[in-house]
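Now for the letters of each chain:
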Amino acid sequence: MTRIPSEVLRIADDIRSMRIRGAGRIARAAAEALMIAATNYSGEDLGDFTRYMEDVSRLLLSTRPTAVSLPNAVSYVMKQLRKDYRGVEDARAAVISAARSFIEHSKRAVEAISIIGSRMIKGGETIVTHCNSSAVTGILAKAWSDGKMFRVYATETRPRFQGYITARDLASKGIPVTLIPDSAAVYAMRRADLVIVGADAISSNGALVNKIGTSQIALAAKAHGVPFYVAAETYKFSPYTLIGEPIEIEEREAEEVIHPVPEGIEVRNPVFDATPAEYIDAIITEIGVISPEMAIIIITDYLGHRVSVDMLKSLEDSEPL
Ligand code: RI2
């Protein structure tokens, strides 16, 4: 069995340790890792190549459990290996081409979202965001470069403080930004006109899974009548939820919350939470602005995942790669 290249192991480790983070970046890094793995395969047996690529996929999928962009990227590339090929060269070419096209599509999707989302900012608003989403910062950067004036409240996003990345990024573009503790959600909402957050996963019932604390911001927005928007590429919609698989909420080490962990105290570190569809006013995707109730249509009609008894039965005997 061919060994997994060190560069691929490094990408997997970077995703696991969050040196590579953000659901979109994670997905592109996984596609790149599959491309590197395929390029480096030196054997000539198609069956062996397929098993090797499945090993690489399993490694990538084991890194972080919540962002559905990761399994969606892996399955977009790996479904190429369900076709018939004359030999390794053809299969390798198909894998590399699918990985490239995923990465290209992903970048263009983020760009389309920034254009569409920026049109929803009229100028003069106070906008709240949470964590660090490149889809969201893309929208804000585009609106600002189009000459719209607004200000942003960015939450710190304990325990990993990704809100600092957002604040630094916006400030570097000249966008007025105020960093606030996560517990200032209501304080911010009293002054806010709009909330825009990113997404790690959206389920078939339109619920949003995003960085822990998103749901309390959504609750505060609802209570204050502030519109709550989500910026999400369509590969953040989960086909797995369509067949009854819940989105797993990642729980990371207690040491991220407090170090050292005090003796005799249990510390929990769930890193995502779920916001029900009724708290979401719109989802800004690369194919347009939709309501959360349209999630099912995105998964079935746009992404092409159809449920049938035959498909469900075949799932029971194989791994859903
Ligand atoms: P983009 C991040 O997760 C945040 O929860 C953010 O909202 C989401 O990914 C989407 O980010 P983490 O990797 O794809 O920081 O919009 O745990 O960049």
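Position labels on residues start from 1 in each chain and follow its written sequence. Given that this is a predicted model, residues contribute local features only at a pLDDT of at least 70 and side-chain atom pairs are listed and counted only at 80 or more, while totals for whole chains, interfaces and linings are drawn from all residues. Side-chain metrics rest on all non-hydrogen atoms present in the structure, leaving aside hydrogens and water.

(A) Layout of the pattern of salt bridges. Take a side-chain nitrogen of Lys or Arg and a carboxyl oxygen of Asp or Glu: if they are within 4 Å of each other, that pair is a salt bridge. Taken as a whole and assessed by the stated rule, the structure comprises 16 salt bridges. Of the charged contacts, one joins Glu256 and Arg252 as a salt bridge, the two residues approaching to 2.8 Å between their closest N and O atoms. Each member of the pair, Glu256 as well as Arg252, carries the same accessibility label: buried. The residue Arg306 makes a salt bridge to Asp301 at a minimum N-O spacing of 2.8 Å. Each of Arg64, Arg160, Glu250, Arg252 and Glu256 takes part in a single network of salt bridges with overlapping partners. Accessibility here uses a 1.4 Å probe with only protein chains present; expressed as a share of the type maximum, an area under 20% marks a residue as buried, one over 50% as exposed, and anything in between as partly exposed.

(B) Expanded view of the site of the ligand. One heavy atom suffices: a residue is near a molecule or strand as soon as one of its heavy atoms comes within 4 Å of it. Around the ligand sit 19 residues in total, of which Arg21, Ser134, Asp200, Asn210 and Lys211 are the nearest. Polar contacts here mean pairs of N or O atoms no more than 3.5 Å apart (in protein, one a potential hydrogen donor and the other a potential acceptor; neighbouring residues in sequence count only if both atoms are side-chain atoms). Within the contact set of the ligand, an oxygen atom lies 2.6 Å away from a side-chain nitrogen or oxygen of Lys211. Measuring from an oxygen atom of the ligand, one finds a side-chain N or O atom of Lys236 at 2.9 Å. Its free accessible area being 450 Å², the ligand has 100% of it covered by the protein chains. The cavity that encloses the ligand is the largest cavity. Listing elements by their share of the shell around the ligand, those giving two or more residues are helix H2 (23–40), helix H6 (134–145) and strand E6 (208–211). What sets the accessible areas is the Shrake-Rupley method with a 1.4 Å probe; for residues, cover comes only from the shown protein chains. Only protein atoms enter the 1 Å grid used here. Points where a 1.4 Å probe fits but cannot escape make up a cavity, open sets with protein on both sides within 12 Å along at least five of seven lines make up a pocket, and a residue lines them when an atom lies within 4 Å of a point. Pocket occupancy is defined atom-wise: a molecule lies in a cavity or pocket when more than half of its atoms are within 2 Å of its grid points. Helical segments are the DSSP runs of H or I of at least four residues, strand segments are the runs of E of at least two, and each set is numbered from the N terminus.

(C) Highlighting the environment of Asp200. Examined against the element boundaries, Asp200 turns out to sit in the loop between strand E4 (194–197) and strand E5 (201–202). For Asp200, a relative accessible area of 9% corresponds to the buried category. Separated by 72 residues in sequence, Asp200 and Phe272 have C-alpha atoms that sit 8.5 Å apart. Residues within four places of Asp200 in sequence aside, it is in contact with Ala23, Thr66, Ala67, Val68, Ser69, Val209, Asn210, Lys211, Lys236 and Phe272. Two residues form a contact once any of their heavy atoms are found within 4.5 Å.

(D) Representation of the packing of helix H1 (residues 6–16) against H2. Helix axes are fitted to C-alpha atoms over the stretch in contact, other axes to C-alpha atoms as well, and angles between N-to-C directions run from 0 to 180 degrees. Where H1 meets H2, the closest approach of the two axes is 9 Å, and the angle between their N-to-C directions is 165 degrees. One way to sum up the angle between H1 and H2 is to call them roughly antiparallel. Considering only the axes of H1 and H2, their crossing is left-handed. In contact with Glu7, Val8, Ile11 and Ile15 of H1, H2 contributes Ile26, Ala29, Ala30, Ala33, Ile36 and Ala37. Of the residues that constitute the contact of H1 with H2, the class distribution is nine nonpolar, no polar and one charged. Angles below 35 degrees are treated as roughly parallel, those above 145 as roughly antiparallel, those between 65 and 115 as roughly perpendicular, and all remaining angles as oblique. For a crossing to be left-handed, the near helix must be turned anticlockwise from the far one by less than a right angle; the clockwise case is right-handed. Residues are grouped as follows: nonpolar covers Ala, Val, Leu, Ile, Met, Phe, Trp, Tyr, Cys and Pro; charged covers Asp, Glu, Lys and Arg; every other residue, Gly included, is treated as polar.

(E) Main features of the side chain of Glu156. Structurally, the position occupied by Glu156 is in the loop between strand E2 (151–155) and helix H7 (162–172). No salt bridge is formed by the buried Glu156, whose closest oppositely charged neighbour, Arg158, lies at an N-O distance of 6.3 Å. A polar contact of 2.8 Å, which involves the side chain of Glu156, links it to the side chain of Tyr164. Setting aside residues no more than four positions away along its own chain, Glu156 makes contact with Phe161, Gln162, Gly163, Tyr164, Leu179, Ile180, Pro181 and Asp182. For the charge count, each Lys or Arg is scored as positive and each Asp or Glu as negative, with His and the chain ends excluded.

(F) Region of the structure containing the sheet that holds E2. The rule for pairing is simple: two strands pair if DSSP sees at least two bridges between them. Strand order in the open sheet formed by seven strands is E3-E2-E1-E4-E7-E9-E10, with mixed pairing between adjacent strands. Each end of this open sheet is capped by a strand with a single partner; those strands are strand E3 (177–180) and strand E10 (288–290). Here the average twist between neighbouring strands, direction ignored, is 25 degrees. In this structure, strand E1 (residues 126–129) lies alongside E2, joined through four bridges in parallel fashion. By the bridge assignment for E2, Ile127 is matched with Val152. Packed onto the sheet, H7 meets E1, E2 and E3 and runs at close to 165 degrees relative to E3.

(G) Representation of empty space enclosed by the protein. Grid points are joined across faces, edges and corners, and a volume is the space filled by probe spheres set on the points. According to the stated counting rule, one finds two cavities of 30 Å³ or more in the structure shown. Reported here for the largest cavity is a volume of approximately 210 Å³. Lining the largest cavity are 23 residues; nearest its centre among them are Gly22, Ala23, Asn132, Ser133 and Asp200. Elements represented by at least two residues in the lining of the largest cavity include exactly H2, H6 and E6. It is H2 that contributes the most residues to the lining of the largest cavity, three residues altogether. Its residues assigned to classes, the lining of the largest cavity shows eight nonpolar, nine polar and six charged. The volume enclosed by the second largest cavity comes to roughly 40 Å³. Along its surface, the second largest cavity is lined by Met18, Thr157, Arg158, Pro159, Arg160, Gln162, Lys211, Glu256 and Val271. Of the residues assigned to the lining of the second largest cavity, the class counts are three nonpolar, two polar and four charged.

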